[in-house]
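Spelled out from the first residue to the last, the chains are:
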Amino acid sequence: MEETKVVTGAWELSTFKFNVEGRGLQLMLKHMKDRKLMGIKCHQCGTVYLPGPFYCRKCHIKIDEPAEVSDHGQVMTFTIGYADVRGNPLDEPRIAPIVKLDGCDSWIMGVMQGCAPEDVHVGMRVKVQWAEETTGSLQDMQYFVPE
Ligand SMILES: [Zn+2]
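Remember, it's a predicted structure, so these values are computed and weren't measured experimentally. (Residues numbered from 1 in each chain as written. Predicted model: local features only at pLDDT ≥ 70, side-chain atom pairs only at ≥ 80, totals over all residues. Heavy atoms only, no water.)

Before going further, it helps to examine the coordination of the zinc ion. Around the zinc ion, the protein contributes the donor atoms Cys42 (SG), Cys45 (SG), Cys56 (SG) and Cys59 (SG), at 2.3 Å from the metal centre. Note that the zinc ion binds 4 donor atoms; their angles at the metal cover 104 to 115°, and the shape is tetrahedral. Considered as a linear motif, the donors of the zinc ion on their single chain read C-x2-C-x10-C-x2-C. Of the two residues, Cys45 is situated in the loop between strand S1 (37-41) and strand S2 (48-49) and Cys56 in the loop between S2 and strand S3 (65-69); the sequence distance between them amounts to 11 residues. On the basis of relative accessibility, which here comes to 36%, the residue Cys45 falls in the partly exposed class. (Donors = N, O, S within 2.8 Å, 3.2 Å for Na, K, Ca; no water. Tetrahedral: all angles 85-135°; square planar, octahedral: opposite > 155°, others 65-115°. Helix = DSSP H or I, 4+ residues; strand = E, 2+ residues; numbered from the N terminus. Buried < 20%, exposed > 50% of the residue type's maximum accessible area, 1.4 Å probe, protein only.)

Next up, the structure:
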């Protein structure tokens, strides 16, 4: 049986930098306008990434095979935030799940709505709530909602 551990506390965070590989992100954004998620699959091991990197993290070879990923998936882990990055209390708790979309091996982080914090759980089925009008930007994927 799986167990969920609840850890309450404060993290001292500083600013950080990260890089997004442009090509895989551009591919993803291009299809998001049509409410589709397009990742990249490794032709050697079959691993699917979203957004797609230019090389497979397992095989260390260049990859470029587009692979459609579902906009449904399951919560792998989550955090519930009660304060913003400056420590100011939020009006409503913010649920930030990390989701493994069906047909994808990498996980993505988002925000969840339509669910009380006490009802979120690992393994919970969720789906992407798309913007009413999509433009090919990251904002097209508004948040996750329970499936
Ligand atoms: Zn591979």
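Reading across from one edge, S2-S1-S3 is the order of the 3 strands in this open sheet, with antiparallel pairing throughout. Of all strands in the sheet, those bounded by a partner on one side alone are S2 and S3. By the bridge criterion, 5 bridges tie S1 to S3 in an arrangement that is antiparallel. Counted as the bridge partner of Leu37 is Val69 from S3. Along the sheet, helix H1 (residues 22-32) makes contact with S1 and S3, crossing S1 at roughly 150°. (Pairing = 2+ DSSP bridges. Contact = heavy atoms within 4.5 Å. Axes fitted to C-alpha atoms, helices over the stretch in contact; angles between N-to-C directions.)

This brings us to the packing of aromatic side chains. The geometry of an aromatic ring pair is captured by the separation of the ring centres together with the interplanar angle, meaning the angle of the planes. Scanning the entire structure with this criterion turns up 1 aromatic pair. A centroid spacing of 5.3 Å and a plane angle of 65° characterise the contact between Phe54 and Tyr55, whose relative ring orientation is edge-to-face. Note on Phe54: relative accessible area 46%, which makes it partly exposed. For Tyr55, a relative accessible area of 29% translates into the label partly exposed. The ring of Tyr55 carries the charged tip of Arg57 above its face, separated from the ring centre by 4.6 Å. (Phe/Tyr/Trp six-rings, centres within 6.5 Å; stacked < 30°, edge-to-face > 60°. Lys NZ or Arg CZ within 6 Å of the ring centre and 35° of its normal.)

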